[in-house]
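Spelled out from the first residue to the last, the chains are:
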Amino acid sequence: MYGTTSFRTDGKIAFVVGGATGIGYAIAATLRDHGAEVYIGVRSGDVGAAAAAQLDATYVPIDVTDSASVSSAVRTVVETAGHIDIAIHGAGTRLGKPAEDTTDEEWLGVLDVNTNGVFRCCREVGKVMLEAGSGSIVNIGSMSASVVNTPQKQSAYNASKAAVVQYTRSLAAEWAPRGIRVNALSPGYTITNMTAQSRSRPELVNVWLARTPLGRLAEPAEIAGAAMFLASDAATYVTGQDLVVDGGYSAW
Ligand SMILES: NC(=O)c1ccc[n+]([C@@H]2O[C@H](COP(=O)([O-])OP(=O)(O)OC[C@H]3O[C@@H](n4cnc5c(N)ncnc54)[C@H](OP(=O)(O)O)[C@@H]3O)[C@@H](O)[C@H]2O)c1
């Protein structure tokens, strides 16, 4: 139980939603490297199959905006693997738009993926873990849950991630007596597809870098270590937390 072995995930079944790209991919690779059998939940078949082959993982189709798809994906993992020990909920989308110009459709679209998607995944994975009496869930939030990014405007995204963090705390309290830990992992600016467009704009990136004590953006692998910790038995006394991995951004 004690020592470095508790950081390993040998023999555990891990389901990583959004595991074909960016932060989700890095988390899936890290869990695999530490011994887990990995299933990745991905929207597109081609991307999912290619990523699964690279990761030595199994690909499961999922659209987190569709309850039936989420429930079917979780059922597929359980039918194949028998159970789920670790679930990482990393599907996400971003909208950079001033609040006064944000349409109903845009607002609802962001919340449907980022917030409702996490809700749907937690509910279905939760049923499986509650029946087993054990499990660890890591919901990918964002530092945007607790700081307001600048200079770009992204109120819908920020609100969607704040909801993820508070939902995570609520689940942690509700499910702790039944053996389930639930934590949020909140990255700062990370080099993925999600930030690709913004990273080509020096007027944004220069502000981000100036406001980040470490003075650089994160590589996805630098986020994955924190997810690995929360998922593993090294964190058996950690639940209801929001682990912010932001290069110090929120310290200033
Ligand atoms: N990059 C950052 O700076 C940063 C900072 C803080 C938090 N985050 C969060 O980290 C998580 C991963 O993002 P990332 O940066 O790694 O970007 P990414 O590579 O674009 O990953 C987002 C993933 O979400 C998937 N996705 C989107 N809508 C989906 C849906 N309806 N159903 C299933 N999957 C869906 C995407 O799949 P498709 O390819 O099919 O669209 C993609 O694989 C997100 O929750 C994001 O909000 C990122």
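Please refer to the structure placed before this passage.
Residues numbered from 1 in each chain as written. Predicted model: local features only at pLDDT ≥ 70, side-chain atom pairs only at ≥ 80, totals over all residues. Heavy atoms only, no water.

(A) Here's a closer look at unusual backbone geometry. With an omega of 10°, the peptide bond between Thr-150 and Pro-151 qualifies as cis. Turning to its location among the elements, Pro-151 is positioned in the loop between strand S5 (135-140) and helix H5 (155-175). (Helix = DSSP H or I, 4+ residues; strand = E, 2+ residues; numbered from the N terminus.)

(B) Structural context of the layout of surface pockets. Roughly 940 Å³ of internal volume is contained in the largest pocket. For the lining of the largest pocket, the elements supplying multiple residues, two or more each, are helix H1 (22-33), strand S2 (37-42) and H5. Classifying every residue of the lining of the largest pocket by side-chain character gives 16 nonpolar, 21 polar and four charged. (1 Å grid on protein atoms, 1.4 Å probe; cavity = no way out; pocket = protein on both sides within 12 Å on 5 of 7 lines; lining within 4 Å. Points joined across faces, edges and corners; volume = space filled by probe spheres on them. Nonpolar A, V, L, I, M, F, W, Y, C, P; charged D, E, K, R; others polar.)

(C) Highlighting the side chain of Asn-149. Topologically, Asn-149 is positioned in the loop between S5 and H5. Within the local environment of Asn-149, its side chain forms a polar contact with the side chain of Gln-154, the two groups lying 3.0 Å apart. A polar side-chain atom of Asn-149 sits 3.1 Å from a polar atom in the side chain of Tyr-189. In contact with Asn-149, other than residues within four places in its own chain, are Met-143, Ser-144, Gln-154, Asn-158, Tyr-189 and Tyr-249. (Polar contact = N/O pair within 3.5 Å; in protein donor to acceptor, adjacent residues only side chain to side chain. Contact = heavy atoms within 4.5 Å.)

(D) Here's a closer look at the nonpolar core. The biggest cluster of nonpolar side chains holds 30 residues, and the ones touching the most others in it are Ile-27, Leu-31, Val-38, Ile-40, Ile-88 and Leu-185. Breaking this core down by element, the ones donating at least two residues are strand S1 (13-17), H1, S2, helix H2 (45-55), strand S4 (86-89), S5 and helix H8 (220-231). With seven residues, H8 is the largest single contributor of residues to this core. When near neighbours in sequence (up to four residues on either side) are disregarded, Ile-88 contacts Phe-15, Val-16, Val-17, Ile-27, Leu-31, Val-138 and Ile-140. (Core = buried A, V, L, I, M, F, W, Y, C linked by side-chain atoms within 4.5 Å. Buried < 20%, exposed > 50% of the residue type's maximum accessible area, 1.4 Å probe, protein only.)

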